[in-house]
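If you want the building blocks of each chain, they are given just below.
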Amino acid sequence: MHFLYLTSKSLHIVSVISWMAGILYLYRLFVYHAEEKEEMVKTRFRVMESRLYRYITVPAMAASLFFGALMLFLEPSYFTSAWLQGKLLLVAALVGVTLFAQHQIEILETGKAPLSSRTYRILNEVPTVLMIAIVFMVVFKPWG
């Protein structure tokens with residue numbers, strides 16, 4: 001059981017790193033896409049955004065959630081921890097930020113006016129802030 005838990009934890013960390021890399025780069029692509037004027041380059045951004053989201057970001061998010069859930073299944077006593085409940089709330093927000101990115105991809109694929117590059121720059125900071133808060137929750141385990 002201990003080996004399975006540590007393996008799940010390791011795979012959870014690796015998949016979270018991949019998820020964060022994907023979502024952070026995706027929002028940076030949105031910034032560049034919103035600033036771009038040339039249609040050929042916008043088309044290239046659409047392909048990059050779609051592939052990054054479908055082949056890296058979403059699978060990494062799914063793996064993160066799976067291995068996190070497996071860890072909780074293997075160690076159900078964590079469910080009663082207030083710090084974990086706080087972490088899960090922040091993770092839900094991170095999932096929301098990721099799903100919002102999918103919505104932005106759909107808008108950009110239609111050629112409709114995207115959000116401003118400034119707005120995308122601000123949105124690019126949201127996953128970073130959530131990640132920092134999640135890491136602090138896990139390391140310091142406040143409220144318990």
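Residues numbered from 1 in each chain as written. Predicted model: local features only at pLDDT ≥ 70, side-chain atom pairs only at ≥ 80, totals over all residues. Heavy atoms only, no water.

Q: Tell me about the packing of helix H1 (residues 2-35) against helix H3 (residues 82-110), and name the residues and values.
A: At a minimum axis distance of 11 Å, the contact between H1 and H3 shows a crossing angle of 40°. In this view, H1 runs oblique relative to H3, as classed from their interaxial angle. Two packed elements cross with a definite hand, and for H1 against H3 that hand is left-handed. From H1, His12, Trp19, Met20, Ile23, Leu26, Tyr27, Phe30 and His33 reach across to H3, where they touch Lys87, Leu94, Val95, Val97, Thr98, Phe100, Ala101, Gln104, Ile105 and Leu108. A class-by-class count of the residues in the contact of H1 with H3 yields 13 nonpolar, four polar and one charged. (Axes fitted to C-alpha atoms, helices over the stretch in contact; angles between N-to-C directions. Helix = DSSP H or I, 4+ residues; strand = E, 2+ residues; numbered from the N terminus. Parallel < 35°, antiparallel > 145°, perpendicular 65-115°, else oblique. Left-handed = near helix turned anticlockwise from the far one by under 90°. Contact = heavy atoms within 4.5 Å. Nonpolar A, V, L, I, M, F, W, Y, C, P; charged D, E, K, R; others polar.)

Q: Explain the pattern of salt bridges to me, using residue names and the numbers behind them.
A: The full count for this structure, using the stated rule, is two salt bridges. The residue Arg121 makes a salt bridge to Glu35 at a minimum N-O spacing of 2.5 Å. Note that Arg121 is positioned in helix H4 (residues 117-140) and Glu35 in helix H1, a separation of 86 residues in sequence. Classification of Arg121 by relative accessible area gives partly exposed; the value is 36%. For Arg46, the salt bridge is made with Glu39, and the minimal N-O distance between the two is 2.5 Å. The buried category is assigned to Arg46, whose relative accessible area is 15%. Owing to a relative accessible area of 46%, Glu39 belongs among the partly exposed residues under this scheme. (Salt bridge = Lys/Arg side-chain N within 4 Å of Asp/Glu carboxyl O. Buried < 20%, exposed > 50% of the residue type's maximum accessible area, 1.4 Å probe, protein only.)

Q: Before we move on, could you go through the nonpolar core and cite the residues and values that matter?
A: Across soluble globular proteins, nonpolar side chains show a tendency to be buried alongside one another. Among the nonpolar cores identified, the biggest contains 26 residues, and Trp19, Ile23, Leu26, Tyr27, Phe30, Leu94 and Ala101 are the most heavily contacted of them. Those elements giving two or more residues to this core turn out to be H1, helix H2 (39-74), H3 and H4. For Ile23, the residues in contact, after removing those within four places along its chain, are Thr57, Val97, Thr98, Ala101 and Pro127. (Core = buried A, V, L, I, M, F, W, Y, C linked by side-chain atoms within 4.5 Å.)

Q: Explain unusual backbone geometry residue by residue, including any values.
A: Despite not being glycine, Lys141 shows a phi value in the positive range, around 45°. Within the secondary structure layout, Lys141 lies in the segment after H4. Note on Lys141: relative accessible area 33%, which makes it partly exposed.

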